[in-house]
Amino acid sequence: MAALPTITDVRLTPILIADPPLLNLSGVHQPYTPRLIVEVLTSSGVSGLGETYGDSVYSEQAAALSRDLIGVSIGAVNTVAGLGRGADALLDGAPAASGLRGALTTDKVRSSVVSAFEVAVLDALGRHLGVPVHTLLGGAVRDRVEYSGYLFYKWAEHPDEGVPGDDWGAALDPAAVVAQARKFQAYGGFRSFKLKGGVRPPEEEIAAVRALAVEFPAAPLRLDPNGGWSLKTALRVAEELSGTIEYLEDPTAGLDDMAEVHRRTGIPLATNMIVTSFEEVGPAFERDAVQIVLSDHHFWGGLLATRDLAAVCRTWGRGLSMHSNTHLGVSLAAMTHVAATVSDLRYACDTHYPWQSEDVITERFRFTDGAIEVPRTPGLGVELDRDALARLHERWKALPRYRNRDDVAAMRRVDPAYAVATGPKF
């Protein structure tokens, strides 16, 4: 058998993609969000694509680790996933990691970087062999992957001068949240909905969920305040929404409080904040603080690690779904491939993709009945639009103020005294 191609070059392209003024516990999304596009070139001429966070700390780590990829076989996926593995440490002075997954550590940054490398290598390997990435992961067990309509409280427009508006409009009360959900249904036929909470007083968010339940009586619903509630508030919301929502996501920040909410209310709890590494699985499951882990191949270090996480959850009898942060089509393709291989994926996955309606670097994905057809073409099944990539890279060069996502700073442009609460917000 002929040897597999080796990696001869790695191209890293930081870009800025448009993001609406979506509100969350930390503040509001900036007009533009950084992403990093990875390309691996091989000795056979085949290339592969990956995508991850583009903030400076990730881009710097990617530049450092990419040198170790040169000469590596595209079949050595485990070698790629292990790049840079070593001592973990808190990054002093660093903000919370993108996606509100707790304090930023060196290993969390490393995992998010190697996830893009691993995806790019799997894409190249699939293209070389003529098979989809999901075949390399063991094979698809479904033809479609369902995604949830990801609802946000939002402003009508950004306060920054010269930033174009969007067609979604403002959403600051229950009626507007329902209207937003109708737009999601028209956009892609979404059949389940998740509301990003921790923004309005809890009684208003309860009212919004109840309004969604009236408008979409058959739709599974979720509410995610990113750990912004006290135990008392989390218990009250769980009791009031029991029987109305599919699960609460990170209603409070601590393991013990999460366990107490589940023990006293029986409501299923999901997380993408307190379980984002394998070291965090045992304590959460032993306390019965988490019933559903929201995987994210960026957080966990790639697609193979996501498969490992699925096996751990299956062993413990826990559910699995998929978290999302601001992303483009390369990440959505990777999410779809790995989700297609997880047999017991019982919950629709999250995706921000509809919010990034203006900026695309691959052919646009289409949702039908809230789902994406699993690609059957070699690799990830996406091709890079180099003109679009170049435009978004030029934006990155022209707007250095947005190269690091900072929802707090974005909110302070409207409210200079704004500060994230040191304890529960509500």
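Residues numbered from 1 in each chain as written. Predicted model: local features only at pLDDT ≥ 70, side-chain atom pairs only at ≥ 80, totals over all residues. Heavy atoms only, no water.

- For the protein chain, the name recorded in an unreviewed UniProt entry is glucarate dehydratase, with Nocardia pseudobrasiliensis as its organism.
- Listed under Pathway (unreviewed entry) in UniProt, the entry text for the protein chain is "Carbohydrate acid metabolism; D-glucarate degradation; 2,5-dioxopentanoate from D-glucarate: step 1/2."
- Quoted straight from UniProt, the Sequence similarities (unreviewed entry) entry for the protein chain says "Belongs to the mandelate racemase/muconate lactonizing enzyme family. GlucD subfamily." (UniProt positions renumbered as here; feature names shortened; annotations may be inferred.)

1. Focus on the nonpolar core
Item 1. Counting residues in hydrophobic clusters, the biggest one holds 120 residues, and the most contacted among them are Phe117, Tyr147, Phe193, Leu248, Val290, Val293 and Ile361.
Item 2. Beyond its immediate stretch of four places on either side in the chain, Leu248 contacts Leu223, Trp229, Val237, Ala238, Ile267, Pro268, Leu269 and Ala270.
Item 3. One finds Tyr247, Ala270, Ile292 and Leu294 within the second-largest nonpolar core, a separate group that totals five residues. (Core = buried A, V, L, I, M, F, W, Y, C linked by side-chain atoms within 4.5 Å. Buried < 20%, exposed > 50% of the residue type's maximum accessible area, 1.4 Å probe, protein only. Contact = heavy atoms within 4.5 Å.)

2. Here's the deal with the domain arrangement of the protein chain
Item 1. Domain boundaries assigned for the protein chain yield domain 1 (6-133 + 385-399 + 409-413) and domain 2 (141-373).
Item 2. Taking the mean C-alpha position of each, domain 1 and domain 2 sit 22 Å from one another.
Item 3. In this assembly, 47 residues from domain 1 lie in contact with 47 residues from domain 2.
Item 4. Taken together, the two surfaces of domain 1 and domain 2 that pack against each other cover about 3,800 Å², and 65% of this comes from carbon and sulfur.
Item 5. The largest share of the area that domain 1 buries against domain 2 comes from Pro21, Leu23 and Glu51, three residues that together contribute 17% of it.
Item 6. Put simply, domain 1 and domain 2 have two salt bridges between them.
Item 7. Arg413 is the salt-bridge partner of Asp160, the closest N and O atoms lying 3.3 Å from each other.
Item 8. Counting across the domain 1 and domain 2 interface gives 18 residue pairs in polar contact (both at pLDDT 80 or more).
Item 9. Listing elements by their share of the side of domain 1 that touches domain 2, those giving two or more residues are β1 (7-18), β2 (23-24), β4 (32-42), β5 (47-53), α2 (77-81), α3 (106-129) and α13 (386-398).
Item 10. Of the residues assigned to the side of domain 1 that touches domain 2, the class counts are 26 nonpolar, 12 polar and nine charged. (Domains from an automatic or database assignment. Buried area = accessible area lost by both parts, 1.4 Å probe. Salt bridge = Lys/Arg side-chain N within 4 Å of Asp/Glu carboxyl O. Polar contact = N/O pair within 3.5 Å; in protein donor to acceptor, adjacent residues only side chain to side chain. Helix = DSSP H or I, 4+ residues; strand = E, 2+ residues; numbered from the N terminus. Nonpolar A, V, L, I, M, F, W, Y, C, P; charged D, E, K, R; others polar.)

3. Considering the environment of Lys196
Item 1. Mapped onto the elements, Lys196 comes out in strand β7 (residues 193-196).
Item 2. A sequence separation of 174 residues divides Lys196 from Leu22, and the C-alpha atoms of the two residues are 9.2 Å apart.
Item 3. With residues up to four places along the chain from it excluded, the contact list for Lys196 reads Leu23, Asn24, Tyr150, Leu151, Phe152, Tyr153, Asp224 and Asn226.
Item 4. Among the polar contacts made by the side chain of Lys196, one reaches the side chain of Asn226 at a distance of 3.0 Å.

4. What about the UniProt feature "active site" (unreviewed entry) in the protein chain?
Item 1. UniProt marks Lys196 and His323 with the feature "active site" (unreviewed entry), using the numbering shown here. These annotated residues cover 128 residues of sequence, but their C-alpha atoms sit close together, with the largest distance between any two at 12.2 Å.
Item 2. Residue classification places Lys196 among the buried residues on the basis of a relative accessible area of 8%.
Item 3. Position of His323 among the secondary structure elements: in the loop between β12 (319-322) and α12 (329-340).
Item 4. His323 sits in the buried class, given a relative accessible area of 5%.
Item 5. Here Asn272 takes part through its side chain, which lies 3.3 Å from a polar atom of the side chain of His323.

5. Description of the sheet that holds β5
Strand-to-strand pairing in sheets goes through backbone hydrogen bonds, with the strands running parallel or antiparallel.
Item 1. Strand order in the open sheet formed by three strands is β1-β4-β5, and the pairing between neighbours is antiparallel. The sheet terminates laterally at β1 and β5, the two strands that pair on one side only. When strand polarity is set aside, the average angle formed by the axes of neighbouring strands in this sheet is 20°.
Item 2. The pairing of β1 with β4 spans 11 bridges and is antiparallel. The partner of Leu12 across the bridge, within β4, is Val38.
Item 3. Along the sheet face, α12 touches β4 and β5 and points at about 100° away from the line of β5. (Pairing = 2+ DSSP bridges. Axes fitted to C-alpha atoms, helices over the stretch in contact; angles between N-to-C directions.)

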